[in-house]
Amino acid sequence: MNPAVRINLETGLKVFNTRAAKASEKITGKGYSVVTDQKLTELPKMPAGATFNAEEQAKYLAFKEARRGAADYMAMEGEFKKYLDDVYSEPPIPRESLDDECEILVVGAGFGGLLLWHKLSEAGFTDVRFCEKGGDVGGTWYWNRYPGIACDVESYSYLPLLEEMGYVPSMKFASGFEILEHCQNMAQKFGFYDHCLFHTTVVATTWDEAFGRWIVETDRGDKMRARFVILANGILTTPKLARIAGMEKFQGESFHTSRWNYNIDLRGKTVGIIGTGATAVQAVPELAKIVGQLYVFQRTPSSVDVRDQRATTDEERATWANEPGWARARRERFARISTGRSAIQANDDYLAGKIQDIRKPRKYDRKLSEEELIQKQLDANFRIMEQIRARVDAIVKDPKTAAALKPYYPYGCKRPTFHDEYLPTFNLAHVHLVDTAPRGVCEINERGVVHEGVEYPLDVLIYATGFQWMGTSTFNMVSGHGGRTLKEKWETEGTRTFLGLHSHGFPNLFIVTGPQGGGGSFNFTDAIDAHGDYVVWMLQTMRERDVRIVDIRKEFEDAYAAHCREVDIATAPLRDCISYYNGEGNAAPGSLAYYGGGKWHKHRLPAQSSLEPYVFGGDLN
């Protein structure tokens, strides 16, 4: 067996063998099922006279304000730290602590890390090292392995490097288990495993002024030096728990959905799940198929749109096999879709290039102002939400349950969800929706959940309470000029980046798909792809100019941050609700996600052409 760390005698670089074995063959599952009942795969017709008038706007406002301040989450620390344990892999491979140097160190081995390695190695950068807290590749798809998990973006556009892998997903919306396997196959084919330190969490990243290097320390005792550091650890990687009185008292089994415990046999058990977001919408139908009793505790309903899952056809496989560039062309067409629901519906004829447009753009008698265009979008969103609410009435038999399942906020304000089995699940006699609106579950005791004086005894309690949005702990552990951390800078000055990739005072640091990072579409892989291309361009530019350090001029950073704020404020009416997208209503405009669409490229292209925003320093040595 190869040692965990060895030297490649041809290159002189270290080679790693730290991939952990799978913990149990019980860890397996599938995603969305194919549903043939047409009533479940189509939205009802638009209700007559549906307009977003003052009465409906007041209803939306009341729905939002009733929930303001209800979101109270906590980090998994102390007795709750167990919810962060890696239950998917065998214990970490023993290895020596490293005290050496590499050119590029990347944090994360999800889509971002895998794509970066493919791009960097193709460009001739081979002294690259990755640190990943999990036991294998996959990122989101490593940690999230709950029953029913699947991608919400069509997999033919979402999965990276399909042509390079000679692979076609089995379903239009591939299972998370299939996506994880695709990640593992990519890592195997392109030699990624030789470069990755698994079960290795970065705990400190400090800029060394004297040597122009980042000092990267980990929980494995490593103290490595790197010329460049790339943070590619994702935007939804740190799970969070709802803070509920008495939760430490519960005597049954419990876990977070991002650490699904397959060693617990749920068959015939009484199970409770707290949360009804994107994860629960996928997991609840699968839980209902095996448990004895299922209690779904809901504070705020999700908008549950149709999924209309299907298998990949033989015709598609045969066509794509003889169509060079099919996956990239499909992704580029996907990126041109300007409305969220059209993107999620993923019209096959359009994405395959059989038709040029999904629908003809509307023409108006005059040019509309930004405010008028926003209002048009709000009106259209309202009509979609009316159909989604009508779908609830058409499927769910109990009127009280149906009323509780109806969401009242703009479409896409919270993360849209899609399923054709979720709503019918609430017609089953053993499935119970416990409506905890608007404040959520307030008490847990030794036996289970308590709500409004009613106790719900449970054998197993599952937390589907989500993740910190763009709040990776890494930001608090990155210290730049003068020892100031990235988190400290953003807390005192507001989020400040250039293109989302650089931050002034943190030279040779790149943040992939972080706050203010744009360049993508409704398909998040677009942003990863664009950011990876940019990083490679910058490294090549520095190599050509024979320089070793790059930072950003503060005036360009300030201007870009102001732009993000302006765009966020202009489009805020489309996200007028309490959600993790806006820090539960508390985030400053422009501080988290960037809603600029193609405008990101209008900032990127001039910067790359003129190089004016960049401060280059130091000869390459």
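Please refer to the structure placed before this passage.
In this text the structure is predicted, and so the values were computed from the model without any measurement.

Here is what the cut-offs are and how they apply
- Residues numbered from 1 in each chain as written.
- Predicted model: local features only at pLDDT ≥ 70, side-chain atom pairs only at ≥ 80, totals over all residues.
- Heavy atoms only, no water.
- Pairing = 2+ DSSP bridges.
- Helix = DSSP H or I, 4+ residues; strand = E, 2+ residues; numbered from the N terminus.
- Phe/Tyr/Trp six-rings, centres within 6.5 Å; stacked < 30°, edge-to-face > 60°.
- Buried < 20%, exposed > 50% of the residue type's maximum accessible area, 1.4 Å probe, protein only.
- Polar contact = N/O pair within 3.5 Å; in protein donor to acceptor, adjacent residues only side chain to side chain.
- Contact = heavy atoms within 4.5 Å.
- Disulfide = S-S within 2.5 Å.
- Salt bridge = Lys/Arg side-chain N within 4 Å of Asp/Glu carboxyl O.
- Axes fitted to C-alpha atoms, helices over the stretch in contact; angles between N-to-C directions.

Caption draft 1: Representation of the sheet that holds strand β17 (residues 443-444) in the model. As summarised here, the arrangement of the three strands in space is β17-β18-β19, forming an open sheet in which the pairing is antiparallel. For this open sheet the edge positions go to β17 and β19 (454-457), each flanked by a neighbour on one side alone. Sheet analysis places β17 next to strand β18 (residues 448-451), joined by two bridges and oriented antiparallel. Across the sheet, residue I444 finds its bridge partner in β18, namely V449.

Caption draft 2: Structural detail: the packing of aromatic side chains. Under the definition given, this model contains 30 aromatic pairs. Centre to centre, the rings of Y142 and W143 are 4.8 Å apart; their planes meet at 90 degrees, and the pair counts as edge-to-face. We classify Y142 as buried; its relative accessible area is 1%. Taking the centre distance of 5.5 Å and the plane angle of 45 degrees together, the rings of Y534 and W537 count as tilted. Here the residue Y534 and the residue W537 both occupy positions in helix α16 (residues 524-545), the gap between them amounting to three residues, near one helical turn.

Caption draft 3: The arrangement of the side chain of T200 in detail. Structurally, the position occupied by T200 is in the loop between β6 (196-197) and β7 (202-208). Within polar-contact distance, the side chain of T200 engages the backbone oxygen of L197 at 3.5 Å. In this structure, T200 is in contact with R95, C131, E132, K133, T218, D219, R220 and D222, ignoring residues within four places of it in sequence.

Caption draft 4: Up close: the state of the cysteines. By the definition in use, this model includes one disulfide. The disulfide partner of C413 is C577, and the S-S distance across this bridge is 1.9 Å. In this structure the cystine formed by C413 and C577 twists about its S-S bond by roughly -115 degrees; its chirality is therefore left-handed. One end of the pair, C413, is in the loop between α13 (399-404) and β15 (417-418); the other, C577, is in the loop between α17 (554-571) and α18 (599-610), with 164 residues separating them in the sequence. For C413, a relative accessible area of 0% translates into the label buried. No disulfide involves C564; its sulfur sits 19 Å from that of C413, the nearest cysteine. The buried category is assigned to C564, whose relative accessible area is 3%.

Caption draft 5: Looking closely at the pattern of salt bridges. Under the defined criterion, the tally for this structure stands at 40 salt bridges. D348 serves as the salt-bridge partner of R310, at 3.0 Å between the closest nitrogen and oxygen. Here the residue R310 occupies a position in the loop between β14 (304-305) and α8 (314-321), and D348 occupies one in helix α11 (residues 348-351), the gap between them amounting to 38 residues. Among the ionic pairs, E493 bridges to R484, the shortest N-O distance being 2.9 Å.

Caption draft 6: Structural context of the sheet that holds strand β20 (residues 460-463). Overall, parallel pairing links the five strands, which are arranged β11-β20-β12-β13-β16 in an open sheet. Whereas interior strands pair on both sides, the edge strands pair on one side only; in this sheet they are β11 (253-256) and β16 (431-435). Taken pair by pair, the neighbouring strands of this sheet meet at an average axis angle of 15 degrees, ignoring direction. Relative to β20, strand β12 (residues 270-274) is paired through four bridges, and the arrangement is parallel. Directly across from I274, in β20, lies its bridge partner Y463.

Everything listed here is a matter of geometry and, on its own, says nothing about what the molecule does.
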